[in-house]
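Residue-level structural notes
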Amino acid sequence: MCGIVGYWGPEKPKAIILDGLRRLEYRGYDSTGVAIFDHGQLKVERSPGKLHRLEEKLRGIEFEGPTGIGHTRWATHGEPNEKNAHPHKVGGVAIVHNGIIENYGSIQKRLVSEGVELKSETDSELIAHLLDEKLREGATLLKATLEVIPKLEGAYSILVVNEKEPDSMVAFKNGPPMLVGLGNKEVIIASDIQAVITRTPRVVYLDDGEIVTSIKGAVKFYNSKGDEIRKDVHEVKWSQAMAEKAGFDHFMQKEIFEQPQALRQTMEGHLEHEPLRVVLKSSGLTDDEYRNFKRIQLIACGTSWHAAMVAKYVFERVTGIPTDVDIASEFHYRHLTLDPQTLAVTVSQSGETADTLACLRRVKKMGLRTLSVCNVPHSSIDREAHGRIYTNAGAEIGVCSTKSFTAQIVALELLSFHMARLRKSCSDEELKNYISGLLALPGQVEICLNHDKWFREAAQSLTKFRGFLYLGRGVNFPVALEGALKLKEITYLHAEGYPSGELKHGPIALVDNNMIIVALAPKDELYEKNISNIQEVKARGGQIIAIGSGDDQGLEKISKHYLSIPEAVWSANPVLESIPIQLLSYHLAVALNRDVDQPRNLAKSVTVE
Ligand code: M6R
């Protein structure tokens, strides 16, 4: 939520900041703005809407200064209009902010009672007033920041500049991510690696409670008491190309097509071939620990929660360990009793989702061992968990998660096969069959991707439908939920995901010949029961798009459209079914002329509760 970028260096900040904001726009796109030095003064330009509107506004405007900051906003306090856009400038200080100030009300009351006139409805402007008070008393930007931090409650990160210190930037992190790129005689401070990687691979990640100052390019780190601290510099490997569209129309489309490679990368290093087995490398937990856990608790949000739900079916069947899955925002506030021998697994593409991170901290306090399944190395969840498995799917920029979902399923299956081997809960033969299923996936996903054209054409005939019901049973049910989420978020059409067997307990009342039913019906142990459920909706006029395995003439006969995925072991089906449901949503969104990569009201990384 919200992208922040700041630059000091020999080049003109405007172009670098705008480029950074373009790369961060997926974090929020309600409004944008910059504050850049120009002949000793901080000039602020802001615009509602997406970045291109700010770019138009800035066309022809030059800034002659070494330093600037920029922001792309996902609104929390106040409408997404120009006056609420960041940066907020008060006196000589300008601030960009990501997060929420929880004691906003009391600060606002105090400032207003002292006659301060507020120009916006944001909590961010209040921070600028507090800093300005300190600067007017003669503090430096660092000192002012150190004195203001204790007055602020909530999870937030800020980046600030001061007219009197044109070569300085100060940033503080307490929640949302912030990192510092150390370039060739230049410094970039940003909320995400995407804004830095084009300039330098050398990066320092701030931890909560840490401040960074950059003064004439000299970078120093402090704790919130103001003591200087040492920080490690990381070399980031992601290439710039991974965050480009590479000839595709949308990031989402590119990311759908990257799945064969993403899945190979997820498996890389974790498989031994003679004999065929999963040996998780450097997960941070010991084999003895994996042998002795008595329960598994999976915690995640959104698409990652759906991947975790798939994993529940796999863990229970393959390892025999009782497994629970919770949505992080619910789990966080539940009155919990957890067995101390529970492995808590947090699943998150970004590794920054506030609710998931809060749950990780909570279960750590309760004494549980924790494992993260993340896509972004060095993210907060990755750093704070005891152990880790990376999905290694490469940068995912489209707000609508695709390749991270299938990579998460594969990573979680690797974990369950690893545990099953150690606990001898499955025969070697069964495990080999499951692992062969994983190994076949990249090739089989390619085959599914070949149906792309079919979806492009079919989407045209589906634009008139307003209701979509996704059905699946067993391990395929979470894919039905994921299918409905994909459709909702990028087409804005109403969709529901249901276990097929649950339909006659209520939702079947929705079915008529205006309802599209996307039925996931691969040949597995629940196939016959699933088909009976599909027959029930067919009998009530439902228009069936069936996704089945291989040649299935029976299913084809009762369907308006039949799509075949390759025949596979049950544990591989969720990944294969994901491709058609992603392509269906993508092409329908394009046919409806929706903003595929930046759907309304959403942001890629949800760093506020
Ligand atoms: O980064 P995370 O995996 O923790 O994000 C969780 C959800 O916000 C995310 O999966 C969201 O539901 C997807 N972008 C939907 O496509």
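Residues numbered from 1 in each chain as written. Predicted model: local features only at pLDDT ≥ 70, side-chain atom pairs only at ≥ 80, totals over all residues. Heavy atoms only, no water.

1. Overview of the domain arrangement of the protein chain
- When its domains are assigned, the protein chain resolves into domain 1 (3–236), domain 2 (251–446) and domain 3 (451–591).
- The C-alpha-based centres of domain 1 and domain 2 are spaced at 35 Å.
- When the two sides are added together, the surface that domain 1 and domain 2 hide from each other amounts to roughly 800 Å², 54% of it contributed by carbon and sulfur.
- Three residues, Tyr26, Pro177 and Tyr205, lead the burial of domain 1 against domain 2; their summed loss comes to 47% of the area buried on that side.
- Between domain 1 and domain 2 we count 2 salt bridges in total.
- Two residues, Asp208 and Arg361, come together in a salt bridge whose shortest N-O distance is 3.0 Å.
- For the side of domain 1 that touches domain 2, the residue count by class is 5 nonpolar, 2 polar and 3 charged. (Domains from an automatic or database assignment. Buried area = accessible area lost by both parts, 1.4 Å probe. Salt bridge = Lys/Arg side-chain N within 4 Å of Asp/Glu carboxyl O. Nonpolar A, V, L, I, M, F, W, Y, C, P; charged D, E, K, R; others polar.)

2. Some details on the packing of helix α13 (residues 403–423) against helix α19 (residues 573–591)
- Their axes nearest at 10 Å, the elements α13 and α19 cross at an angle of 175°. Of the possible angle classes, the one that applies to α13 and α19 is roughly antiparallel. Two secondary-structure elements touch here, α13 through Phe405, Thr406, Ile409 and Val410 and α19 through Pro574, Val575, Ser578 and Gln582.
- Here the contact of α13 with α19 is composed, by residue class, of 5 nonpolar, 3 polar and no charged. (Axes fitted to C-alpha atoms, helices over the stretch in contact; angles between N-to-C directions. Helix = DSSP H or I, 4+ residues; strand = E, 2+ residues; numbered from the N terminus. Parallel < 35°, antiparallel > 145°, perpendicular 65-115°, else oblique. Contact = heavy atoms within 4.5 Å.)

3. Remarks on the environment of Asn514
- Here Asn514 is to be found in the loop between β24 (494–499) and β25 (515–521).
- Note: C-alpha distance between Asn514 and Arg388 (126 residues apart in sequence) is 46 Å.
- Residues within four places of Asn514 in sequence aside, it is in contact with Phe465 and Gly467.

4. Looking at the pattern of salt bridges
- In the structure shown here, the tally under the stated rule is 41 salt bridges.
- As a salt-bridge pair, Arg23 and Asp19 come within 3.0 Å of each other at their nearest N and O atoms. Linking Arg23 with Asp19, this pair stays in helix α1 (residues 13–24), spanning 4 residues, or about one helical turn.
- For Arg23, a relative accessible area of 14% corresponds to the buried category. (Buried < 20%, exposed > 50% of the residue type's maximum accessible area, 1.4 Å probe, protein only.)

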